[in-house]
Amino acid sequence: MKSSRTASPSLPQWQQQLLRIINLRPNETKRTFLMFAFYTATSMGILWLEVSSAALFLDTYGPDSLPWIYIFSAGVGFGLSVIYSWLQKFFPLRWVIVVIAVLMAGPVLLFRWGLAFEPLLPITIFAMRLWTEAIYGLNDLNVSITANQLFNIREIKRTFPLVSSGNLVADVLSGFSVFFLVSFVGLQNVLVLAFLIMLAGSGVLWLISRNYEHAFPDSLQQQAEAGQDDHKAQRSRGTIRQYVVMLFSFFVLAQIVMYLIEFEYLTQLELNLEVDEIAAFLGIFSGLLGLIELLTQWFTSSRLIERQGVFAVLSLLPVVIIGISLMTMIGSFPGLLGGTALFLGLVVLKFFDEWLRYTLVASTRPVLFQPIPDSERTLFQSLVGGIAEPLAMGGTGVFILFVIAWADFLGFESQLLQAQFFLGVIAFLAGVWLIAILFLRSQYLELLVKSAQRGLLSGSEANLRALRKAFVEQLEKPGSEAEKRSCIELLSQLDPQSVGEVLAPRLMTLPLSLRKQSLEAMLEYPGSEYAETVRELLKTEQPPEILALALRYIWITDDSPAIERLQSYLSSDVDPVVRGTAASLMLKHGNAREKNEAVNTLRQMLTHEHERERVMGCRALGEADYLQSLRLYIPNLLQDESLRVRRALLEAIAATNLEEYYPSLMKALQYKSTREAASQALTRLGNDALDMLAEVALDPYRPDSLRNQAWQAIGNMGSDAAIDCLLQNLITSWGSTRRTLLRILLRMVQETGFKRNQGIDAALDRFGRDGVEDLINQELTFIGQICGALLDLEDAVLPGREANLLQRALEELQKDAIERIFMLLRFISPPGAIQAAQVSWQGGSVSNQARGIEILDNTLDIPSKRAILTILDRRNWGEKVDVLRESNLFVYRQMQPSDRLRYLLDLRYFLSDWALACCFHLARAQRWSLSAENTVACLRHPTGFVREAVLSYLQVASPRVLRELLPVMRQDPNELVSNQVKELMAELQVD
């Protein structure tokens, strides 16, 4: 067995330690490194170009011309985004990302040539600055799209901070190297170096697209068409569109705030420093800032995002901007620090903006697009990233130009007032940005849940109306009978109260089999307004089953039924279905003479030689309030050779509350042939059968199928006493019994104007939220014990089939505990979100599991949240043990395998039967000694194969004790054990 204590046994120890420090998994290393190399190379080239163009631009045009750069860059950026989207329609995405990377580098050589000619110098400088602003966002977009294709929603939280740190490494390297490069090779040759390194980055991206070709779709258009049907319902509701609009607003606001800060920052540099000082300051500032950002990305960002969540991290930057902007405005008043506060405040504001923007915000950017379906994600990402940022850039430029041009009109008598105005605007927009983040968070979770629930029907009133319309169309148009039958069944389950409205007008046109099914469904919610429609059936010849159902419906809904009309159906030549129905109605509602007539009819049916007569007679008994002399026939009918007769009689016993025959119901529950009918009958008895069912359900020596059926019958009662019984046993039970109880409680939906779950409400009333969290912590503690056992057993590298069997049994126990945790979470969190998370996590693929964990990450608000996410994630046993131990959920102490096995047996009440048997088989194979207490206790275990495992262990561990036990176990009720006892007695020569 492989050890799971370390991250990856195949890696050297120093590499494993490094991966832990930077919060990375071994299977993510290669992809992350290649993305890091690509981003570092292209960013270094762009940053060399930016620093060079910034100094030249400020010297040639001054900061007042920056708005024109923003406006023209918006146009160029928009054009590039259109090209990006256009290319995806005709070429595979793996080609498009490489072409875009090469396209960004190409014009840099032209700038090198333009700087050599004096007449072209002003145009070249302007174009350099223009191109720098335009491709900055395009490069980030290219990286984000590539990362979203390579990593899933959970991986990207860990890996993208490291990938985006490539930009910070480029900051450090370019910031500290640009001064020396300019001094030694000259500014023009720096552009050549920028071109070459950007081209090298394109080469790395080509390598990524080649090695991970499977991660990229053939083309965006084909992918979108392939996913059109899957997401049609989502698009019709506009959920994706609303989310994309919020994303668009988020990025527009983020970019506007950034450009306003940059404008004021550069303005203050131009006012307070000389040109040479600006270049040196920018280089040192970028270098120091890049170093701090780099440390943040490597050691802080991924952990902070995983623990605090995407949107808590995103909210940090606008909050900081608001605080610093307001403090700078106040401090810059003439009576205080004036221009000094303005300069220092904007430098600090620029520092925090860049620090948090290019660490935390940049790390979360691709995650925001993950809830969008794969078939549409790349399209929306290129459109939002390509349009939002240029739009923000252009809009900011126009706004700044307007303020400068109308400065006198606006009352800006000095640069100080103008700067204070811009700071106020920055603070206001940061506040709007913060509100947009809060709205985005709610839609992010909603979209994740809907993507996981895709294809499931919703029970909302709007959807029910749409469903009713669809059902009517399905019933009226030509089609197969099977499709219409399914339609009626679905309508009965989803909206039973509207069954009569939909089915009654169409009874006469439906086929006979569907007519019977429709009447049965209508009888669940009978309405007098449909009685006349049903009465029309009596005027035409109908099969007996339909006629009987129609009679019952009319009798129930008629205000003043004429009982004499039923007498004509008591004749012996009438089909027993109709005759039994008429007799039961007369027996329940007739006068003495009519009841006597009905009793005679039923007596003849109950003693008739034909099975059909006896079955219909038994069913009619269930409608009677008083059986009179008919109860004399019940003992014989309970022994009837016909299974259908016995089943019908069980229903009659429950319907008439014949207490002396309740034991017959419990006995019938034991047999598979009558179990369902007995369960329905006991459920109908309600609290009268509660004690009997609880006794069977709690008896460990009864078969599991029988016990589960008893619990289900209790749950179906739905009474307060039944729910209280379930909740009381939920606390004391474990394993499969607890899972059964949780399932029953979660299915107890009650219609009271709106859907309520009785089980959830009752559990919260009894335990409270803290009580449910304690049950979750119990499961986590159990998982911790399982992980600790797996860790110790794997480290020992035990040979043999028995060790493998025990390992698999323990892994199954962990899966069962996780299933119970999901169920418990539905009691204290939105059930729809938890169910969606569970469906995704159980989907099998790594991507689906990541989506499920992300839903939980944004849904749960309990102290054990991190422990739950860690257990669900693909972590090794050692990491799970560490997190559970840090959460104070259990105490782990490394043990020898034999000690661990004995410790597991001390927890035998929490183990499954198979895991318990595997413990004894492993002890036998390894010849480990076990305590007498555990051995004797398991020798009395209700499951046969556990007793068989104990006997096999004693055969090796203590033959003397085995000799004494064998005569006692000779009559064991389990055939497997009794045969084993006989073989051992013969082998050991025991009399």
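Bear in mind the structure is a predicted one, so any value in this text is a computation, not a measurement. (Residues numbered from 1 in each chain as written. Predicted model: local features only at pLDDT ≥ 70, side-chain atom pairs only at ≥ 80, totals over all residues. Heavy atoms only, no water.)

**Student:** Would you take a moment to explain the overall build of the chain for this structure?
**Tutor:** The helix and strand tally for the chain stands at 46 helices and two strands. In the chain, which comprises 991 residues, the proportion classed as buried is 56%. Long-range pairs, those at least 24 residues apart, make up 74% of the contacts in the chain between residues at least 6 apart in sequence. Per element, the accessible surface of the chain, about 43600 Å² overall, is 56% carbon and sulfur. (Helix = DSSP H or I, 4+ residues; strand = E, 2+ residues; numbered from the N terminus. Buried < 20%, exposed > 50% of the residue type's maximum accessible area, 1.4 Å probe, protein only. Contact = heavy atoms within 4.5 Å. Areas by Shrake-Rupley, 256 points an atom, 1.4 Å probe, with all protein chains shown as cover.)

**Student:** Just to check I follow, could you spell out the packing of aromatic side chains for this structure?
**Tutor:** Any pair of aromatic rings gets described here by the distance separating the centres and the angle formed by the planes. Enumeration over the complete set of coordinates arrives at 19 aromatic pairs. With a centroid separation of 5.5 Å and an interplanar angle of 65 degrees, the aromatic rings of Phe263 and Phe422 are classed as edge-to-face. With Phe263 in helix H10 (residues 239-272) and Phe422 in helix H16 (residues 415-452), the pair connects residues that are 159 residues apart, well separated along the chain. Considered together, Phe263 and Phe422 belong to a single accessibility category, that of buried residues. Taken together, the ring pairs in this structure connect Phe250, Phe251, Phe369 and Trp433 into an aromatic cluster. We note Arg820 situated over the ring of Trp734; from NZ or CZ to the ring centre the distance is 5.1 Å. (Phe/Tyr/Trp six-rings, centres within 6.5 Å; stacked < 30°, edge-to-face > 60°. Lys NZ or Arg CZ within 6 Å of the ring centre and 35° of its normal.)

**Student:** Just to check I follow, could you spell out the packing of helix H33 (residues 720-732) against helix H35 (residues 758-795) for this structure?
**Tutor:** Running from N to C, H33 and H35 point in directions that differ by 15 degrees, and their axes come no closer than 10 Å. By the angle between their axes, H33 is roughly parallel relative to H35. Considering the relative orientation of H33 and H35, their crossing is right-handed. Residues Ile723, Asp724, Leu727, Gln728, Leu730 and Ile731 of H33 touch H35, and the partners they reach there are Gln758, Ala762, Ala763, Arg766, Phe767 and Leu775. Residue composition of the contact of H33 with H35, by class: eight nonpolar, two polar and two charged. (Axes fitted to C-alpha atoms, helices over the stretch in contact; angles between N-to-C directions. Parallel < 35°, antiparallel > 145°, perpendicular 65-115°, else oblique. Left-handed = near helix turned anticlockwise from the far one by under 90°. Nonpolar A, V, L, I, M, F, W, Y, C, P; charged D, E, K, R; others polar.)

**Student:** What should I look at first to understand the pattern of salt bridges in this one?
**Tutor:** A side chain with one charge may pair with a side chain of the opposite charge, provided their charged atoms come close. Per the counting criterion, the structure on display carries 38 salt bridges. Here Glu354 makes a salt bridge to Lys350, at a shortest N to O gap of 2.8 Å. One end of the pair is Glu354 and the other is Lys350, both in helix H13 (residues 339-364) and four residues apart, which spans about a single turn. No difference in accessibility class separates Glu354 from Lys350, as the two residues are buried. (Salt bridge = Lys/Arg side-chain N within 4 Å of Asp/Glu carboxyl O.)

**Student:** When you look at the environment of Leu271 in this model, what are you seeing that I'm missing?
**Tutor:** Its location among the elements puts Leu271 in helix H10. On a C-alpha basis, the gap between Leu271 and Gln415 in space is 9.6 Å, while along the polypeptide they are 144 residues apart.

**Student:** Explain the packing of helix H29 (residues 662-669) against helix H31 (residues 690-697) to me, please; I cannot follow it from the model alone.
**Tutor:** Any two packed helices are characterised by how steeply their axes cross, that is the angle between the axes, and by the distance between the axes. Their axes nearest at 11 Å, the elements H29 and H31 cross at an angle of 30 degrees. One way to sum up the angle between H29 and H31 is to call them roughly parallel. The hand of the H29/H31 crossing is right-handed. Residues Tyr662, Met666 and Leu669 of H29 touch H31, and the partners they reach there are Met692, Leu693 and Val696. Counted by class, the contact of H29 with H31 contains six nonpolar, no polar and no charged residues.

**Student:** So what exactly am I meant to see when it comes to a nonpolar patch on the surface here?
**Tutor:** A contiguous nonpolar surface patch, about 620 Å² in accessible area, is contributed by Ile83, Trp86, Phe90, Phe91, Trp95 and Leu103. Looking at the nonpolar patch, the elements that each hand over two or more residues are helix H3 (66-90) and helix H4 (93-114). Looking at which element gives the most residues to the nonpolar patch, the answer is H3, with three residues. Structurally, the position occupied by Leu103 is in helix H4. (Patch = residues over 30% accessible without salt bridge, like charges linked within 9 Å, V, L, I, M, F, W, Y side chains within 5 Å.)

**Student:** How should the nonpolar core be read in this particular structure?
**Tutor:** Soluble globular proteins: nonpolar side chains tend toward being buried together. If you look at the biggest cluster of nonpolar residues, it comprises 266 residues, and the most contacted ones within it are Leu368, Leu693 and Ile776. Among the elements that line this core, the one with the most residues is H16, at 18 residues. In contact with Leu368, not counting residues within four places along its chain, are Tyr243, Leu247, Phe250, Phe251, Val310, Phe311, Leu314, Leu440 and Tyr444. Core analysis: the second largest hydrophobic core is formed by 24 residues, Ile488, Leu507, Ala521 and Ile546 among them. (Core = buried A, V, L, I, M, F, W, Y, C linked by side-chain atoms within 4.5 Å.)

**Student:** Would you mind showing me how to read helix H41 (residues 897-906) here?
**Tutor:** Since the α-helix packs 3.6 residues into each turn, any two residues three or four apart lie on the same face. Listed as buried for H41 are Pro897, Ser898, Arg900, Leu901, Leu904 and Leu905. Buried residues in H41, looked at end-on, bunch into an arc of 160 degrees, giving them a common side. Check the buried side of H41 and you find it contacts H35, helix H36 (801-828), helix H42 (913-926) and helix H43 (932-939). (Arc of directions from axis to C-beta.)

**Student:** It is not clear to me how helix H40 (residues 877-886) should be interpreted in this structure. Could you clarify?
**Tutor:** Regarding H40, the residues found buried are Trp877, Gly878, Lys880, Val881, Val883 and Leu884. In this structure Asn876 caps H40, since a side-chain oxygen of it lies 3.1 Å from the backbone nitrogen of Gly878. At the C-terminal side of H40, Asn888 shows a positive phi close to 60 degrees. (Polar contact = N/O pair within 3.5 Å; in protein donor to acceptor, adjacent residues only side chain to side chain.)

**Student:** Whenever I open this one, unusual backbone geometry confuses me. Can you help?
**Tutor:** Comment: phi is negative for the bulk of residues other than glycine, and the bulk of peptide bonds are trans. In this model, Asn23 sits at a positive phi of 60 degrees, which is unusual for a non-glycine residue. With respect to the helices and strands, the residue Asn23 is situated in the loop between helix H1 (13-21) and helix H2 (29-60). Here Asn888, not a glycine, exhibits a phi torsion of approximately 60 degrees, which is positive. Inspection of the secondary structure assignment puts Asn888 in the loop between H40 and H41. When its relative accessible area of 70% is taken as the criterion, Asn888 is described as exposed.

**Student:** Even after reading the chapter, I still don't get the side chain of Thr146, so can you show me in this structure?
**Tutor:** Turning to its location among the elements, Thr146 is positioned in helix H5 (residues 121-150). Residue Thr146 is classed as buried on the basis of its relative accessible area of 0%. Those residues within four positions of Thr146 in sequence are excluded, and the remaining contacts are Met35, Ile97, Leu205, Ile208 and Phe216.

**Student:** How should the side chain of Thr601 be read in this particular structure?
**Tutor:** By the secondary structure assignment, Thr601 is in helix H25 (residues 592-606). Taking relative accessible area as the criterion, Thr601 reaches 8% and is therefore assigned buried. A polar atom in the side chain of Thr601 sits 3.0 Å from the backbone oxygen of Glu597.

**Student:** Looking at this structure, I do not really get the environment of Gly394. What am I missing?
**Tutor:** Within the secondary structure, Gly394 is located in helix H14 (residues 374-405). Overall, Gly394 belongs to the buried group, its relative accessible area being 12%. Between the C-alpha atoms of Gly394 and Phe72, which are 322 residues apart in sequence, the distance is 7.0 Å.

**Student:** Please clarify how the confidence of the model for the chain should be interpreted in this entry.
**Tutor:** The predicted model of the chain averages 81 in pLDDT, with 86% of residues at 70 or higher. Long-range and interchain partners of residues 220-237, a stretch whose pLDDT sits below 50, account for 30 contacts in this model, where long-range means more than four residues apart. Throughout residues 455-462 the model reports pLDDT below 50, and contacts reaching past four residues in sequence, or to other chains, amount to six contacts. (pLDDT = per-residue confidence, 0-100.)

**Student:** What should I look at first to understand the environment of Leu193 in this one?
**Tutor:** Examined against the element boundaries, Leu193 turns out to sit in helix H7 (residues 187-211). For Leu193, a relative accessible area of 31% puts it in the partly exposed group. Sequence separation of Leu193 and Leu109 is 84 residues, and the distance between their C-alpha atoms is 9.7 Å. Residues in contact with Leu193, not counting those within four places in the same chain, are Trp48 and Leu181.

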